[in-house]
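Chains, contacts and geometry: an overview
Residues per chain, in single letters:
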Amino acid sequence: MTGQELTKAFRALGNDNRLAIFLQILEAERKSYRRECACVVTEVISKLGIGAPTISHHLKELGNARLIETERDGKFLVARVNRSTLAEIRD
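For the structure given in this document, a descriptive report is provided here. None of the values given here were measured: they were computed from a predicted structure.

A separate point is the environment of Q24. Positionally, Q24 belongs in helix α2 (residues 16-31). In this structure Q24 comes out as buried when scored by relative accessible area, which is 17%. Considering only alpha carbons, one finds Q24 and R90, 66 residues apart in sequence, at a separation of 20 Å. Beyond its immediate stretch of four places on either side in the chain, Q24 contacts C39, V44, K47 and L48.

Set out below in structure tokens:
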């Protein structure tokens, strides 16, 4: 991971709302017994009380920093923590 990529990841987590969203996704994965767990974004919206457009913006920033991955599952948007990026940051 380059210094620029590391800066981007830390800048993304430096925002209070983005950090709360990231931690909520991480917590949803931790609570699940399934290996390929994902967090449905509507759960994040209801728990944090942040509007959908704001959540969407923050998810985009977290995705651009490669901290999370999102995908559509029918009408739902699901998010996962990008474990490879976390491993790179840790290393």
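Let's pick the thread back up.
Most often, soluble globular proteins have nonpolar side chains that are buried together. Membership of the largest hydrophobic core comes to 19 residues, with the highest contact counts inside it found for I21, F22, I25, I55, L59, L62 and L67. Of all the secondary-structure elements, those providing two or more residues to this core are α1 (3-13), α2, α3 (41-48), α4 (52-64) and β3 (76-81). By residue number, the principal contributor to this core is α2, which donates 5 residues. Apart from the residues lying within four places of it in its own chain, the contact partners of L59 are I21, I25, V41, I68 and L77.

Reading guide: rules and limits
Residues numbered from 1 in each chain as written. Predicted model: local features only at pLDDT ≥ 70, side-chain atom pairs only at ≥ 80, totals over all residues. Heavy atoms only, no water. Helix = DSSP H or I, 4+ residues; strand = E, 2+ residues; numbered from the N terminus. Buried < 20%, exposed > 50% of the residue type's maximum accessible area, 1.4 Å probe, protein only. Contact = heavy atoms within 4.5 Å. Core = buried A, V, L, I, M, F, W, Y, C linked by side-chain atoms within 4.5 Å.

These figures capture arrangement, not role.
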